[in-house]
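Inside the fold
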Number of protein chains: 2
Amino acid sequence: MEPGLSPYAGRQARLRKKLGARDLPLQLVSNPSNIFYLTGFRGSAGMAVISPSEAVLWVDPRYTLQARSDARGVEVIEERGPILKAVARWLRKRNARRVAFEDSFTTVGQLRVLQREAREKVRFEPAREIIESLRCSKDPEEIGAIREASRVTAAAFKTVLPQVRPGIRESDLAAEIDYQMRLQGAEGPAFETIVASGARGALPHARPTGKLLEKSDLVIFDLGAILNGYASDMTRTVYLGKPPGRIRRLYNAVLEAQQTAVELLHEGQRCSEVDATARRVLERRGLGQYFTHSTGHGVGIDIHEKPRLVRTDETRLPVDCVVTVEPGVYLEGLGGIRLEDTVLVSAQGPEILTSAPMNDWCIS
Amino acid sequence: MEPGLSPYAGRQARLRKKLGARDLPLQLVSNPSNIFYLTGFRGSAGMAVISPSEAVLWVDPRYTLQARSDARGVEVIEERGPILKAVARWLRKRNARRVAFEDSFTTVGQLRVLQREAREKVRFEPAREIIESLRCSKDPEEIGAIREASRVTAAAFKTVLPQVRPGIRESDLAAEIDYQMRLQGAEGPAFETIVASGARGALPHARPTGKLLEKSDLVIFDLGAILNGYASDMTRTVYLGKPPGRIRRLYNAVLEAQQTAVELLHEGQRCSEVDATARRVLERRGLGQYFTHSTGHGVGIDIHEKPRLVRTDETRLPVDCVVTVEPGVYLEGLGGIRLEDTVLVSAQGPEILTSAPMNDWCIS
């Protein structure tokens, strides 16, 4: 990044262009992830307005110093009272007429306050995730951050793998993974780390428990790091012992589904087609019914963002978007197998960012 | 808890009574914290309806097994399509007329989908945080969980304290704290652990950085654990060296404000009065302007919940509510001092749950 230049000016400019195309001069931003994307400020509270000529960020006094030090290309206003009301007053003073708001983030109660304080003058219109759509295609700073978060995730897993054996607790392994991610530079886990062994692996979102790993368990590890505000997401499954033929066939089916779907990740590919392809691999082996979730999702500031690799998402992958590919099968009583990478859709095709082996999955 | 009995039936009954008093037969619940409170199911997605005679929980296939195993007093429905639409169809079939929804959680976009799918028949009315208000006063199971989360938090701090010395990184201390909380049984940190040293302490919500602790630094530690779905919250401040008189006076002022406010925590006390009292202690010493946030907040399933110990909250503390008391002063260039406990407002008065010393704050 050249001195004096920040990615935020460019992002704000892209947003203004999109707003202009819809004849919406102003956008209200209250989703903290969108505020971070547009200004560099990372707080749990605050609100911003992007207008054709201005960018303003309201924060409460807890965040004033942080906002003044971190935010770029935006005027920071400290507000000691309710921020919603301050923003509504500002809109009134500016004689704003039409204002886009984040209808998939703003609550019904918040809109009521805004509308009441702004009086009749302002018409609030659903933004329909304009900013979330901009965030699909990552700029070089973002790709660098996700790459680093992914590196830390894979490194932590590889460090902890030698401890994976019968007799250790799921929760202790999860604690070790989180600790290793931190030592490698992560700010923290991007979500609650999953270590689910044996029959518990059939719960795709199982919390780690005090259960001890046992011989002949399948063990799912689903982990991700946050680093510089960006997330990564990776899943590996191992087997404790020499797997019987049935487990081996299940694993290889998920592996083939995962790798086949990753290979499809090129600019212009339809999200729904990536999902359908992963699903077909499993269906051909009679396993379709056990693949109970979508194939993947975008990753960036949020652990789940646009696009979604799902039957109903007809968008085409833009260049430089980052998605997970994570097919899995879940058999009640037996357990689960899921394999997941965070993948960059570069101009040259798919690049796996979470590089930890998938072939070395039997621990004896 | 007697076998076969669960706290969820009682909570649902209390909600039905409140709804009845407002002549609102049905409540839609989509805030995961409220779903957990009413059913015991902890997932990132799902939606519930509480009616006079029924309780229904919709989950997607990722959560079916978990919901069937964890949820109590509620019928679990697996929904493979969009859950909002399934719920709206259910309401239509039941000929529902008036339905309370969580206006401080439901987004404008979600309400639009509900309204469209339910057609004209159903009128959705703001619930105005009925469930959040019920959650203020904790039942014995909840108090037990917060007590345990608080114990783990204090224990982790005491374990890490001997490592606090010049030359160690903020981020390494934060990683150690999180690791110790996990080893003690926490599911994870309740929020991103704060370790902010020297001038960085003037940012009340500073993220830990690679900064090394230095002699003559004030160091703020703000930490909390999640355990069995319940949070705790605690802050301690230490000084590295022999503090000059000015730092000592600042520390003692915050300590007095904290202890004075804790002593006020009796059933029936106004929240605004607790805030005013803490503030007066600091104002009398000319420090009012440096206390830039509210005095505290409720803690439970969420790290921030009702009530708030703030000038504008006129509610009276119910018995068995749990709140933090956390006055602080922040001086640009010098740093910050904040002292915080999680406190149970029992019938006998305040009981501090995060018991780690505050008097032993100088590390030489």
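Residues numbered from 1 in each chain as written. Chains lettered and ligands numbered in written order. Predicted model: local features only at pLDDT ≥ 70, side-chain atom pairs only at ≥ 80, totals over all residues. Heavy atoms only, no water.

All names here are of chain A. Domains assigned within chain A are domain 1 (7-135) and domain 2 (140-363). Here the C-alpha centroids of domain 1 and domain 2 sit 35 Å apart. Summed over both sides, the interface between domain 1 and domain 2 buries roughly 880 Å², with carbon and sulfur atoms accounting for 45% of that surface. Ranking the residues of domain 1 by area buried against domain 2 places Phe36, Arg42 and Arg135 at the top, with a combined share of 49%. Here domain 1 and domain 2 share four salt bridges between them. With a closest N to O distance of 3.0 Å, arginine 135 and aspartate 302 form a salt bridge. For the interface between domain 1 and domain 2, the tally reads five residue pairs in polar contact (both at pLDDT 80 or more). Secondary structure elements with two or more residues in the side of domain 1 that touches domain 2: helix 1 (7-21), helix 2 (32-39) and helix 6 (130-134). (Domains from an automatic or database assignment. Buried area = accessible area lost by both parts, 1.4 Å probe. Salt bridge = Lys/Arg side-chain N within 4 Å of Asp/Glu carboxyl O. Polar contact = N/O pair within 3.5 Å; in protein donor to acceptor, adjacent residues only side chain to side chain. Helix = DSSP H or I, 4+ residues; strand = E, 2+ residues; numbered from the N terminus.)

On to the sheet that holds strand 10 (residues 225-227) of chain B, then. Residues and elements named next belong to chain B. If you trace the three strands from one edge of the open sheet to the other, you get 7-10-11, paired in antiparallel fashion. The outermost strands of the open sheet, each flanked by one partner alone, are strand 7 (188-189) and strand 11 (230-231). Of the pairings in the sheet, the one linking strand 10 to strand 11 comprises two bridges and is antiparallel in character. When the sheet's bridge partners are listed, isoleucine 226 is paired in strand 11 with alanine 231. (Pairing = 2+ DSSP bridges.)

Residues and elements named next belong to chain B. Pairing within the open sheet is mixed, and its six strands lie in the order 4-3-2-1-5-6. One side of each edge strand has no neighbouring strand; the edge strands of this open sheet are strand 4 (75-78) and strand 6 (123-126). Taking each pair of neighbouring strands and ignoring which way they run, the sheet shows an average axis angle of 25°. As paired strands, strand 3 (residues 55-59) and strand 4 are joined by four bridges and run parallel to one another. Opposite valine 59, over in strand 4, you have glutamate 78 as the bridge partner. (Axes fitted to C-alpha atoms, helices over the stretch in contact; angles between N-to-C directions.)

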